[in-house]
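Each chain, written out:
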Amino acid sequence: MKQQEAIHLIEKGVPHFGVPQLWADLGCGNGVFTTALAHILPSGSHIYAVDRTVQYLPKLMGEHVSVSFIMADLEQPDFDFSNLNGILMANSFHYMKDKRLLIVTLEKYMSLDKKFVIVEYDTEIANQWVPYPIGFVRLKQLFETCGYSKISKLGEQQSIFGDGNMYAALIEKTI
């Protein structure tokens, strides 16, 4: 995916003005969406880029957004950060078998207002690259069972693999 396409897909779900923010990009891979997030966030923000394999990402991206890489397994999250303004999971949620447990576990790392931006394939058909798929309808149902009431589709884009659409969703819970 090209950088501008990634930005366009998630930008409506990420506040890009005001005070600096603290985000985590879980399953960051080579950093396509980390870079997109950094270009949207206000200056002075910070992103924890997390992946199970070593990634070499710039320590500064976008408009003076700092980035820290953490090597960790999302199936056993034990992070040394807290009070996140948001969590981005772009093409990583479909690797999680127990998605509900992951959501509940990740909430402890977030501020009182919880925000997820999820990018996924809009399918329920598993394959070797998407072992536990979750289309938008089922994603919405899952987050509703976890107490989230604001769930919206930010946008869609044709998959580069030609097998359907990808979607971006904003999920919020305010306490």
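Scroll up to find the structure.
Residues numbered from 1 in each chain as written. Predicted model: local features only at pLDDT ≥ 70, side-chain atom pairs only at ≥ 80, totals over all residues. Heavy atoms only, no water.

Some details on the nonpolar core
Among the nonpolar cores identified, the biggest contains 31 residues, and Phe-93, Phe-116, Leu-139 and Phe-143 are the most heavily contacted of them. Elements represented by at least two residues in this core include exactly β1 (22-26), β2 (46-51), β5 (86-90), α3 (99-107), β6 (114-121), α4 (136-145) and β8 (165-173). By residue number, the principal contributor to this core is α4, which donates four residues. What Phe-93 contacts, discounting residues up to four positions off in sequence, is Lys-99, Leu-102, Ile-103, Ile-118, Glu-120, Tyr-132, Ile-134, Leu-139, Leu-142 and Phe-143. Counting 29 residues, the second-largest nonpolar core is a separate cluster that includes Cys-28, Val-67, Ala-90 and Val-130. (Core = buried A, V, L, I, M, F, W, Y, C linked by side-chain atoms within 4.5 Å. Buried < 20%, exposed > 50% of the residue type's maximum accessible area, 1.4 Å probe, protein only. Helix = DSSP H or I, 4+ residues; strand = E, 2+ residues; numbered from the N terminus. Contact = heavy atoms within 4.5 Å.)

Here we look at the pattern of salt bridges
A complete count under the given rule lists six salt bridges for this structure. A salt bridge links Glu-107 to Lys-173, with the shortest nitrogen-to-oxygen separation between them at 3.0 Å. Within this pair, whereas Glu-107 is found in helix α3, its partner Lys-173 is found in strand β8, the two being separated by 66 residues in sequence. The shortest N-O distance in the salt bridge between Lys-115 and Glu-172 comes to 3.9 Å. Remark: Glu-172 occurs in strand β8 and Lys-115 occurs in strand β6; sequence separation between them is 57 residues. Take Lys-115 and Glu-172: they sit in the same class, and that class is buried. In this structure, a network of salt bridges that share partners links the residues Lys-115, Lys-150 and Glu-172. (Salt bridge = Lys/Arg side-chain N within 4 Å of Asp/Glu carboxyl O.)

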